[in-house]
Structure formats: C-alpha cells, structure tokens
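Listed here are the chains, written in short residue letters.
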Amino acid sequence: MSDKKAANQMWGGRFADAPDALMEKINASIGYDQRFYTQDIAGSKAHAKMLEKCGIITADDAAKIDQGLDTISREIAAGEFDFKPALEDIHMNIEARLKEVIGEAAGRLHTGRSRNDQVALDFKLYIRDRVDGLIEQISALMEVTAKKAELYADYVMPGFTHLQVAQPVTFGHHLLAYVEMWARDKSRFEDARKRMNVSPLGAAALAGTSFPIDRHMTAEALGFDGPAANSLDAVADRDFVMETLAAASITAIHLSRLAEEMVIWSTSQFSFIKMSDRFSTGSSIMPQKRNPDAAELIRGKPGRIIGALTAIMIVMKGLPMTYAKDMQEDKEMTFDALDNLELSLAAMGGMIDDITALRDNMEAAAASGFSTATDLADWCVRVLNMPFRDAHHVTGSIVAIAEKKDLRIDELTLAEMQTVEPRITDEIFDVLSVQNSVKSRTSFGGTAPELVKKSAQAWLAALK
C-alpha cells in the first residue's frame, strides 16, 4: 500500500482522492514533531491502560498495544523507524506502524481521544520535560556564579550607572546580582510548570467523549495534578507554550546583559577579566586578537528566543475556539528557542567558571571617576551634622576642584578641601579609599565584602 493510500485510510471514508503534493508538504509536521515520540508513546500507553480498566478494550488488545508501542519506541531510538511525510505527524506515523506490528488491535487505541487532545498532551509533556531541564540548568548556573562571587567577594571594581563610574562595589557583589536575576528566572519556570500541569487527554476533539473513560487515571499516570476541567480549553490552550517562552525570553535577556558586560570587561580598555582560549576565538588577519565570541553569541540569542514568543502570540491572538491548523506553527520556533536557551545557559556557566578577575585593573578603575564622592558627602552628614543636600553641594564643589586639577578626590590636599568646607578634617582621607568605601556599605544587600561572602555562602547552601 502506498503512503498516500495509507494516509487516506487513516482519514477514513470521507476522502476519495489523495492530497495534492503541495498540500502534503504544507500540512506535514513529521519533520519536526518526531521529537515528541517519547511523549506520544507514553500518552498512548497510559490511554490504553485506562481503556482496559474502564472495560472499553480487552486486556488482550491492551497488552498487544503496550508491547507494540515498546517495539516502536526501540525502533525510533535505534534510528530504524521510517518516518513518512504522507502520514503527516508523529501520531499517525506511530499509529500506522502499530497496525503493521500488532494488526487490528492498533485501531482500538484511538478510542475516546482525538489528535487534538493528543497533540496538546504531547506538547505539554514535552514542554514540561524541557522546563525541568531548564530549572536544573539555571540552578547549576547560579551555583557556579555564587562560587565565583565568594572567591571575588573583596575584589573592588567600579559600579556603574549610565555606564559612568558611580560608586565602588565588589566583583562578587556584581556577580551575585545575576544570581538574584537567575533565581527569579528559575521561579518563573517553576510557576509556569505548576500552571501547565493539568492533562488535556480525554478532551478528545473538543467536547469530551461518550465513552466511560477515566481522565483522572491517565492524568495521574502521566504525572499531572489532574485533568483539565474544560474540554474546549484543554485542546485550545497554548498558554503553557507562551508562558514558557516568556520565561525563556527574560532569562535570555539576563544572560545577554552579563554577556555584554563580559565583552566590555575583556576589552584592553577595561581589562577587568581574562577569558581563556576555551571561550575565545582569534582573528583570521590580526594575530593579536582574542575575541569573546561565546559571549557575543549569547548576546545575540535573545533575538531568536524573543522572536519565538512574539510569533506564537501572533499565531494565537486571533484564533477562535478550539483547535485550528495554525496551531501547528507553535512547535518549530519553540524547539529552536529552547534549544538555544539551553545552549546559552551551558555556555554562560562555562565562561563564568573560566574567567579570571584582574584585581589591580578593577581597583584602579574603581578609584577613578570620583567614585567615592558619595562617601565624602555621607561623611559630612555623619560627622559635621550637615543636611544631605548641603553635603551634596559641598562635595560637588570639591569634585569640581579635583576635576580642574585633573586629580582624584583623595589626591587633593586637606587645605584645598577646606576652601570649600573649613570643618573637614584629615579623617576624610580614610573615607575616600575605595576599600573603605565598600567596607562601609553594610546595609542589608550592600556591597561590603563580608556581606557578599555571607550571601554567596547562603546561596550555595540553598542550592545544595
């Protein structure tokens, strides 16, 4: 029997002619949804067991179906399965092969279900598996970053606003900011997983089924919290895809922000970090170059990932209830987005583990740009009992003198400072060192090295 005739048999007696070649090409999804084979077989096995328990199919047919699905699973895993585009998708390919393996009993498997609830189930199981993997990856990235933060808890570097030197911070504190971001990313995936964990199986095409099925049984067998409560929503829902891609997009943005900083920090102008050859490339013409290509590629990935989110939202925005073939367009871009996010997480973890912080360069940069000006103002408030706005004005005037003389604030003489505020004493020079500046930032969440070390250690303990 030809593939096209086989496809017509799957459709039943409604269609007499085989589909046009172009129709077959635009309609087929087997080129990418074969990724679902594990989930499709798991769903079918659970469905068959339920049909047997409910007395809808015989124990003999259920056993044949179970054994046949195991055979097909082994064939696909071994690369021996012949995927046929004429059979459109993974569901019909497996069902057709099941008939070849076990005969007539295969035709009983589809009782009480539709491809509409079947594809919703397969995709949800697949996304759930991918989310579990992403949660593990983010946890691993948080751990390697927290370890690096503990190591560099007292390495002073400039903190920036507007990419201008603002106040001294520590490199460990800077890295822990990303641990906080990734913790939120992880929680978003965890939240998305909770919401998606209801089973669409048994909703059938859209209205449920007249067969006495047990949807709670299949939901439990597949690790769901329960069955979806509304059959229309069960097959129409792709929120779980959009929500996962939204979480993926925010995660990718966070990765991209650190990647951008790594690109900046590794330049000869900054020289805050050094990347080894493991995550750098050379130039075809300039032998001196060490290019941070891994970081640049991570910086570029959000375009694809955010694009996938935008695309699925556009696909779904105008669809009436319940299923429409448009929804077939939800898969390729999702696969691509999640593949690239996984790769980015792995590469970022490798780079963080690999980088070496160049302490002297960081500290020298931290001392530039009048970064301890706020410390001077705080000293005036604390010691001279000056209102902060007055202290701000005094500090600004002293900065102007230093800027005119092309000096750092701590390079001015006491007499020069006293021309602005006579009550300033030589105690001010203790405040103006970058080391003392970071040590003084002891408020909760501040950059004091001891706080940074404790925070890193707390994260490491929590992640274990």
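Residues numbered from 1 in each chain as written. Predicted model: local features only at pLDDT ≥ 70, side-chain atom pairs only at ≥ 80, totals over all residues. Heavy atoms only, no water.

The name given to the protein in an unreviewed UniProt entry is Argininosuccinate lyase, and the organism recorded there is OCS116 cluster bacterium. According to its UniProt record, the protein has this under Pathway (unreviewed entry): "Amino-acid biosynthesis; L-arginine biosynthesis; L-arginine from L-ornithine and carbamoyl phosphate: step 3/3." (UniProt positions renumbered as here; feature names shortened; annotations may be inferred.)

Novice: Residues and numbers for the side chain of S249, please.
Specialist: Position of S249 among the secondary structure elements: in helix α11 (residues 239-265). Ignoring anything within four residues of it in the chain, the contact list for S249 reads I305, I306 and L309. (Helix = DSSP H or I, 4+ residues; strand = E, 2+ residues; numbered from the N terminus. Contact = heavy atoms within 4.5 Å.)

Novice: Give a detailed account of the packing of aromatic side chains, specifying residues and quantitative values.
Specialist: Applying the stated rule across the entire model yields 13 aromatic pairs. A ring pair is formed by F36 and F123, whose centres lie 5.4 Å apart and whose planes are at 45 degrees; its orientation type is tilted. Here F36, found in the loop between α3 (30-33) and α4 (37-53), pairs with F123, found in helix α7 (residues 115-151); they are 87 residues apart in sequence, far enough to count as distant. Per residue, the accessibility class of F36 equals that of F123, and both read buried. Between F123 and F335, the aromatic rings sit 6.4 Å apart at their centres with planes inclined by 75 degrees, giving edge-to-face as the arrangement. Within this pair, whereas F123 is found in helix α7, its partner F335 is found in helix α14 (residues 332-354), the two being separated by 212 residues in sequence. With relative accessibility at 3%, the residue F335 sits in the buried group. One aromatic cluster is present, built from ring pairs that chain together F36, F123, Y126, F240 and F335. A cation over a ring is seen here: R128 above F224, with NZ or CZ 4.7 Å from the ring centre. Note that K331 overlies the ring of F123, its terminal NZ or CZ placed 5.3 Å from the centroid. (Phe/Tyr/Trp six-rings, centres within 6.5 Å; stacked < 30°, edge-to-face > 60°. Buried < 20%, exposed > 50% of the residue type's maximum accessible area, 1.4 Å probe, protein only. Lys NZ or Arg CZ within 6 Å of the ring centre and 35° of its normal.)

Novice: Give a detailed account of the domain arrangement of the protein, specifying residues and quantitative values.
Specialist: Annotation of the protein at the domain level lists domain 1 (21-108) and domain 2 (115-364). The C-alpha centroid of domain 2 is placed 31 Å from the C-alpha centroid of domain 1. Taken together, the contacts link 25 residues of domain 1 with 25 residues of domain 2. Across the interface of domain 1 and domain 2, roughly 2,100 Å² is buried in total on both sides, 65% from carbon and sulfur atoms. When the area that domain 1 buries against domain 2 is broken down by residue, the three leading residues are Y32, R35 and F36, summing to 32%. Connecting domain 1 to domain 2 are four salt bridges. R115 serves as the salt-bridge partner of E88, at 3.1 Å between the closest nitrogen and oxygen. Inspection of the region where domain 1 meets domain 2 yields seven residue pairs in polar contact (both at pLDDT 80 or more). (Domains from an automatic or database assignment. Buried area = accessible area lost by both parts, 1.4 Å probe. Salt bridge = Lys/Arg side-chain N within 4 Å of Asp/Glu carboxyl O. Polar contact = N/O pair within 3.5 Å; in protein donor to acceptor, adjacent residues only side chain to side chain.)

Novice: For the pattern of salt bridges, give the residues involved together with the corresponding values.
Specialist: All chains considered together, the criterion is met by 30 salt bridges. Across the pair D336 and R304 runs a salt bridge whose closest N-O atoms are separated by 2.6 Å. Taken as a pair, D336 in helix α14 and R304 in helix α13 (residues 302-316) lie far apart in primary sequence, 32 residues in all. Given a relative accessible area of 27%, D336 falls into the partly exposed group. Linking R441 and D378 is a salt bridge whose minimum nitrogen-to-oxygen distance equals 3.3 Å. Separated by 63 residues along the polypeptide, R441 in the loop between α20 (434-440) and α21 (449-463) and D378 in helix α16 (residues 373-384) bring together distant segments of the chain. Exposure remark for D378: the relative accessible area of 22% places this residue in the partly exposed category.

Novice: Run through the side chain of D89, naming residues and quoting values.
Specialist: With respect to the helices and strands, D89 occurs in the loop between α5 (59-77) and α6 (90-102). In this structure the side chain of D89 is engaged in a polar contact, spanning 3.1 Å, whose partner is the backbone nitrogen of H91. Within the structure, D89 has its side chain in polar contact with the backbone nitrogen of M92 (distance 2.8 Å). If sequence neighbours within four positions are ignored, D89 has contacts with S29, I30, D33 and R115.

Novice: Can you lay out unusual backbone geometry for me, pointing to particular residues and giving the numbers?
Specialist: The amide bond that connects M321 to the next residue, T322, takes the cis arrangement and shows omega of 0 degrees. Mapped onto the secondary structure, T322 falls in the loop between α13 and α14. Phi is positive for E88, which is not a glycine, with a value near 70 degrees. Assignment of secondary structure puts E88 in the loop between α5 and α6. Overall, E88 belongs to the buried group, its relative accessible area being 7%. For S271, which is not a glycine, the phi torsion comes out positive at approximately 50 degrees.

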